[in-house]
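Spelled out from the first residue to the last, the chains are:
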Amino acid sequence: KMAAGMRSGFVLFLAFGISCATNENEVSSLIDDLFDDSGYQKDVIPMLKPADKTTNVNAINIAVGLSMISMDLDPAGVLSATTWLRSSWSDFRLQWDPEQYGGLDNIKIPSSKIWKPDLSVYNAADFGSGSFDDRYYLVHANAIVYSTGKVLWIPPLPMKVNCNKDQVVVVKDKTEPQGCNINIGSWTYDGFHLNLTAFGGEEYLDLGDMSKNSPYVVTSQEGDALQTKYYPCCKEPYLSMNYRFTVQRAFAILDGKKVFDKSPEDLEKLYEQYQTTFTGNK
């Protein structure tokens, strides 16, 4: 009986090993076909046709959203934030037939292997090492690529922005709400190449994952973040997601202790409201 049990266990182990190896082989085969054999060029924008000169009919749709995790504001009006950038687009070069790869309908791969839109924060307070721009290209977060060619990429990224950079920031009372904005868009592509859209149709910051230990909280949002701008030099539109909102200090650290500017009860109510689309009192 013991021998029979051992043989049965060995057969199951062998079958499991073969199954895992087969799955790994299918993934490896798919990656070879998508990237090595096809001559995939990650620096080339995946447009089926050249950009039209008058419309965005041939443009790639890029969905962009922003989840706030924590934030702080300094006296100069610079907002430091930890965020999750939510982005999605389609790359026709990354399509495959799942039936040819054992039913495999998606893969998780390093984002460094694929084309990504050249998104940047227009009102960034820094562009050096550790900045949004720096981490955007160096972050190790995987992208999910589906057999349809859809790409989903949600990397954790830091950012520092100049709140309302066109105005002189005067902070008289640190406990009062302060206006701010985060403006994200392509650094080089116009709207006829890259058509920016709101991730999930939401033109507000996503606050559902905000840390309850964030020194500052969002107290209102304006919405309508998707903006189109034209320049005197060019007839092409340039699109961006310009999130406009107010922040207020939740607490400060004095003598090593947390001193609340908003009561814990009010903060709990606020975080409950964050679980749905939050606009606050504009």
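Up top you'll find the structure we're talking about.
Predicted model, so just to flag it, every value in this text is computed and none were measured. (Residues numbered from 1 in each chain as written. Predicted model: local features only at pLDDT ≥ 70, side-chain atom pairs only at ≥ 80, totals over all residues. Heavy atoms only, no water.)

**Structural notes on the pairing of strand 6 (residues 150-153)**
Inspection of the sheet shows strand 2 (residues 78-90) paired to strand 6 by four bridges, in the antiparallel sense. Bridged to Ser-87 within strand 6 is Trp-153. Direction of pairing for strand 5 (residues 142-146) relative to strand 6: antiparallel, over a ladder of two bridges. Note that in strand 6 the partner of Ile-144 across the bridge is Leu-152. Adjacent in sequence and paired antiparallel, strand 5 and strand 6 are bridged by three residues, among which Gly-149 carries a positive phi angle near 100°. (Pairing = 2+ DSSP bridges. Helix = DSSP H or I, 4+ residues; strand = E, 2+ residues; numbered from the N terminus.)

**Some details on the state of the cysteines**
The full count for this structure, using the stated rule, is two disulfides. Between Cys-163 and Cys-180 runs a disulfide, and the two sulfur atoms are separated by 2.0 Å. The S-S bond linking Cys-163 to Cys-180 shows a torsion near -75°; that makes this disulfide left-handed. You can see Cys-163 sitting in the loop between strand 7 (156-162) and strand 8 (178-186) and its partner Cys-180 sitting in strand 8, a full 17 residues away along the chain. Residue class for Cys-180 comes out buried when judged on its relative accessible area of 2%. Covalently, Cys-233 is tied to Cys-234 through a disulfide, its sulfur atoms 2.4 Å apart. One quick way to see it: the torsion about the S-S bond of Cys-233 and Cys-234 is about -80°, and its sign makes the bridge left-handed. Shown here for the chain is a disulfide pattern of 1-2, 3-4, where each number marks a bonded cysteine counted in sequence order. (Disulfide = S-S within 2.5 Å. Buried < 20%, exposed > 50% of the residue type's maximum accessible area, 1.4 Å probe, protein only.)

**Focus on the pattern of salt bridges**
Summed over all chains, the structure comprises five salt bridges. The salt bridge involving Arg-244 is made with Glu-222; its shortest N-O contact spans 3.4 Å. Taken together, the residues span a long stretch of sequence, with Arg-244 in strand 12 (residues 238-249) and Glu-222 in the loop between strand 10 (216-221) and strand 11 (226-229) at a distance of 22 residues. Residue classification places Arg-244 among the partly exposed residues on the basis of a relative accessible area of 24%. A salt bridge links Arg-249 to Asp-261; the shortest N-O distance between them is 2.5 Å. Here the residue Arg-249 occupies a position in strand 12, and Asp-261 occupies one in the loop between strand 14 (257-260) and helix 3 (264-273), the gap between them amounting to twelve residues. For Asp-261, a relative accessible area of 31% corresponds to the partly exposed category. (Salt bridge = Lys/Arg side-chain N within 4 Å of Asp/Glu carboxyl O.)

**Notes on the side chain of Gln-178**
By the secondary structure assignment, Gln-178 is in strand 8. Of the polar contacts made by the side chain of Gln-178, one reaches the backbone oxygen of Glu-176; its length is 3.1 Å. (Polar contact = N/O pair within 3.5 Å; in protein donor to acceptor, adjacent residues only side chain to side chain.)

This is a description of form; function is not addressed.
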